[in-house]
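Descriptive analysis of the structure
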Amino acid sequence: MVKVDRRSLRSQESIKGAFIALLAEKSFDEITIQDIADKANVGRRTIYLHYLDKYDLLDRLIEEYISELRRLCQSSSDLSFVDAMRIWFEFFEQNYSFFATILASKGASSFRSGFIKLVSEELEGELDVAEGINKGFSKDIVRKFMVTATVGIIESYFTKEITDPIDVVAEQVGRLLERNL
């Protein structure tokens, strides 16, 4: 069993929290390792012990959230789309500052591409173009349509283009997925 160094974990959490806070204050290009170190109250060397640079920090942070979303998908695979969306949106709400910040920053394209890939993979097995509502449609077109719509609604929620309460958004996205898949 690997022993986890609590100081190392605290440092990493502090660095990630500082980085997210800085992304809310300024553009990714303007953020320096020194800014992150100052905000996290750690030395620059501590950051370099854990991350190659700010790009590595961003990539690993995004991958961490995508991995958690993937885990949530796996744990809710037997649920209805409505219930699964409620779980996702609870996670989004619990991590609101990250998602709102990343979608408004330069990291959005990196997060968005990983998120699109995840949603596409999750919907792949749900699509049926042989029967039902999507009979005769191209599977690629239906998948792309559903993925783009789902990701777009989630982005719109975080950019405040959709102002409905989170439970309403989650339920309606789930119902739309159920209706169209």
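In every chain, residue numbers begin from 1 and rise along the written sequence. Per-residue local features are limited, in this predicted model, to residues with pLDDT of at least 70; the limit for side-chain atom pairs, both in listing and counting, is 80 or more; totals at the level of whole chains, interfaces and linings are taken over all residues. Only hydrogens and water are set aside when side-chain values are computed; all heavy atoms of the structure are taken into account.

**As for the domain arrangement of the chain**
As a reminder of what qualifies: Each domain's limits were defined by an automated method or a database of domain assignments. Between two residues, a contact is recorded if the distance between any of their heavy atoms is within 4.5 Å. The buried area of a pairing is the accessible area, by a 1.4 Å probe, that goes missing from both parts when the two are put together, added over both. By definition, a salt bridge exists where a carboxyl oxygen of Asp or Glu is found within 4 Å of a side-chain nitrogen of Lys or Arg.
Taken domain by domain, the chain consists of domain 1 (1–51) and domain 2 (61–179). Computed from C-alpha coordinates alone, the two centres of domain 1 and domain 2 are separated by 28 Å. With seven residues of domain 1 at the interface, the matching set in domain 2 holds nine residues. Summing both partners gives a buried area of about 640 Å² for domain 1 against domain 2, and 70% of it is carried by carbon and sulfur. A per-residue breakdown of the area domain 1 buries against domain 2 is headed by Lys16, Ile20 and Leu23, which together make up 67% of the total. Taken together, the links from domain 1 to domain 2 amount to one salt bridge.

**A short note on the side chain of Glu155**
Short version of the rule: Starting at the N terminus, helices and strands are each numbered in turn, a helix being any DSSP run of H or I of at least four residues and a strand any DSSP run of E of at least two. For the exposure calls, accessible area comes from a 1.4 Å probe over protein chains only, and a residue counts as buried if that area is under 20% of its type's maximum, exposed if over 50%, partly exposed in between.
Here Glu155 is to be found in helix H8 (residues 139–158). A residue is classified by how much of its surface remains accessible, and Glu155, at 18% relative accessible area, is buried. Setting aside residues no more than four positions away along its own chain, Glu155 makes contact with Leu103 and Arg112.

**Overview of the UniProt feature "domain: HTH tetR-type" (unreviewed entry) in the chain**
This is how the line gets drawn: UniProt positions are given in the numbering used here, feature names are shortened, and annotations may be inferred rather than shown by experiment.
As annotated in UniProt, the feature "domain: HTH tetR-type" (unreviewed entry) corresponds to residues 9–69 in the numbering used here. Between the end C-alpha atoms of residues 9–69 the distance is 21 Å, and the span holds 79% helix and 0% strand.

**Focus on the packing of aromatic side chains**
Quick note on the threshold: Stacked, edge-to-face and tilted labels apply to pairs of Phe, Tyr and Trp rings (six-membered ring for Trp) whose centres lie within 6.5 Å, assigned for plane angles under 30 degrees, over 60, and everything in between, in that order. Cation placement over rings: the criterion is NZ of Lys or CZ of Arg within 6 Å of the ring centroid and within 35° of the ring normal.
Counted according to the given criterion, the structure contains 21 aromatic pairs. Taking the centre distance of 3.8 Å and the plane angle of 10 degrees together, the rings of Tyr65 and Phe98 count as stacked. In this pair, Tyr65 sits in helix H4 (residues 54–75) while Phe98 sits in helix H6 (residues 96–103), placing the two residues 33 residues apart along the sequence. With respect to class, Tyr65 is no different from Phe98; both count as buried. Taken together through their ring pairs, the aromatic side chains of Tyr65, Trp88, Phe89, Phe91, Phe92, Tyr96, Phe98, Phe99, Phe111, Phe115, Tyr157 and Phe158 make up a single cluster. Just above the ring of Phe28 sits the side chain of Lys54; from NZ or CZ to the centre is 4.6 Å.

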